[in-house]
Amino acid sequence: MPCARTRSRPRHADHDDRELLLSTIATITQFAASGEDGGFHPPSISEFFPTAIFFEDTIFEFNRIMLVRVVAAVVLIWLFVLAARRAKLVPGRGQNIAEMALDFVRVQIADEILGHNARKYLPMLTTIFFAILAFNITGVIPFLNIAGTSLFGLPVLLALWVYVVYLGSGMKKFGLVGFLKVSLFPAGVPWFLYVLITPIEILQVFVFRPVTLALRLTANMIAGHLLLVLCFSATNFFFVEATGALKAMGVVSLAAGFGFTLFEMLVAGLQAYVFTLLAAVYISMSIEEEH
Amino acid sequence: MDTTTTLAELTGNIATVGYGLATLGPGIGLGILIGKTVEGMARQPEVAGQLRTTMFIGVAFVELLALLGIVAGFLF
């Protein structure tokens, strides 16, 4: 059925395709085009729901953000294959950088939080860290210009992975009842306080932890992208449409745009770090006897 | 007799004011959190790494509140 609907409006679809090509090539181009009909267009949440490229109106709808995700994943895998293909005992330059990055996750996150349990969870933490970093950093790469993690689906998937792992490893260690007892009834608390603490802990363990993990990452990326779009579309407005002294404001907003681009690079790394750190913390909370 | 008269009119979205309010708490929280961590690092530089990690965990929780402010503006 959806196919028939798409075919019934060929002219429209053709127009969409052209517009989409523009927006795929560069978001900036799109703003330049939209500035023509006058006035300032502030960015909105519709930024994150671009028109589809393939399979429109099906559940496999493939849009610009999906394309960005595929590009990020391919580049990430390619970089690591490149670094690992001719791994030597005395590392070359590329291998050295890869080893430093991998070491960061191992030393700063896994060993620091999980201690002697780190080895078992290291592959998962490393994968999560580099996946998030790659999908975040596309937000500031020219021509991609949107973070792969700025739509809720990807962060939810990663958060679910963490959720299953920390519940699973806790239950494997203590058994179902033991795990619930350890995590919902913290030791060293007077028994009547359990009336207050246990419901809060239930919400924490089963709802808030995974939800906040995903939400934090998505909201950060959405906010970052909107900030950048605001700065650059304001620059476009000031330079192209404003008159007189207002034109000079374009310089300020352009500078702010560059500043925020640098800031977004920091945020991309920081969010990858925070997500991985919290994943490690949640795992250590569910497998340690006392916390 | 129409007793309601418009003296001043304000256009725009009240969500912007809401977000301004939503940043107040996390702003204070981050200030205290990071300030105290710096204090702790200055007193005991040898545990700086541990303090930094703990700080980031705390920052993640505080920062989430401000981000919920952003999300709420889009949702409602």
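Looking at an unreviewed UniProt entry, chain B carries the name ATP synthase subunit c, with the source organism given as Sanguibacter gelidistatuariae. UniProt lists a comment for chain B under the heading Sequence similarities (unreviewed entry), and it reads "Belongs to the ATPase C chain family."

If you look chain A up in an unreviewed UniProt entry, it shows as ATP synthase subunit a from Sanguibacter gelidistatuariae. UniProt annotates chain A under Sequence similarities (unreviewed entry) with the comment "Belongs to the ATPase A chain family." Annotation of chain A in UniProt includes, under Function (unreviewed entry), the sentence "Key component of the proton channel; it plays a direct role in the translocation of protons across the membrane."

It is worth spelling out the packing of aromatic side chains at this point. Two measures describe an aromatic ring pair: the distance that separates the ring centres and the angle between the ring planes. This model, assessed by the stated rule, comprises twelve aromatic pairs over all chains. Ring plane angle 85° and centroid distance 5.2 Å describe the contact between A:F185 and A:Y194, whose orientation is recorded as edge-to-face. On the basis of relative accessible area, A:F185 is assigned to the partly exposed category, the value being 38%. Arranged with centres 6.4 Å apart and planes meeting at 75°, the rings of A:F260 and A:F263 form a pair that is edge-to-face. In this pair, A:F260 and A:F263 both sit in helix α9 (residues 246–287), three residues apart, roughly one turn of the helix. According to the relative accessible area criterion, A:F260 is partly exposed, its value standing at 29%. What links up through ring pairs into an aromatic cluster is the set A:F80, A:F104, A:F129, A:F130, A:Y273 and B:F56. The ring of A:Y166 carries A:R209 above its face, with NZ or CZ at 5.7 Å from the centroid.

About the cut-offs
- Residues numbered from 1 in each chain as written.
- Chains lettered and ligands numbered in written order.
- Predicted model: local features only at pLDDT ≥ 70, side-chain atom pairs only at ≥ 80, totals over all residues.
- Heavy atoms only, no water.
- UniProt positions renumbered as here; feature names shortened; annotations may be inferred.
- Phe/Tyr/Trp six-rings, centres within 6.5 Å; stacked < 30°, edge-to-face > 60°.
- Buried < 20%, exposed > 50% of the residue type's maximum accessible area, 1.4 Å probe, protein only.
- Helix = DSSP H or I, 4+ residues; strand = E, 2+ residues; numbered from the N terminus.
- Lys NZ or Arg CZ within 6 Å of the ring centre and 35° of its normal.

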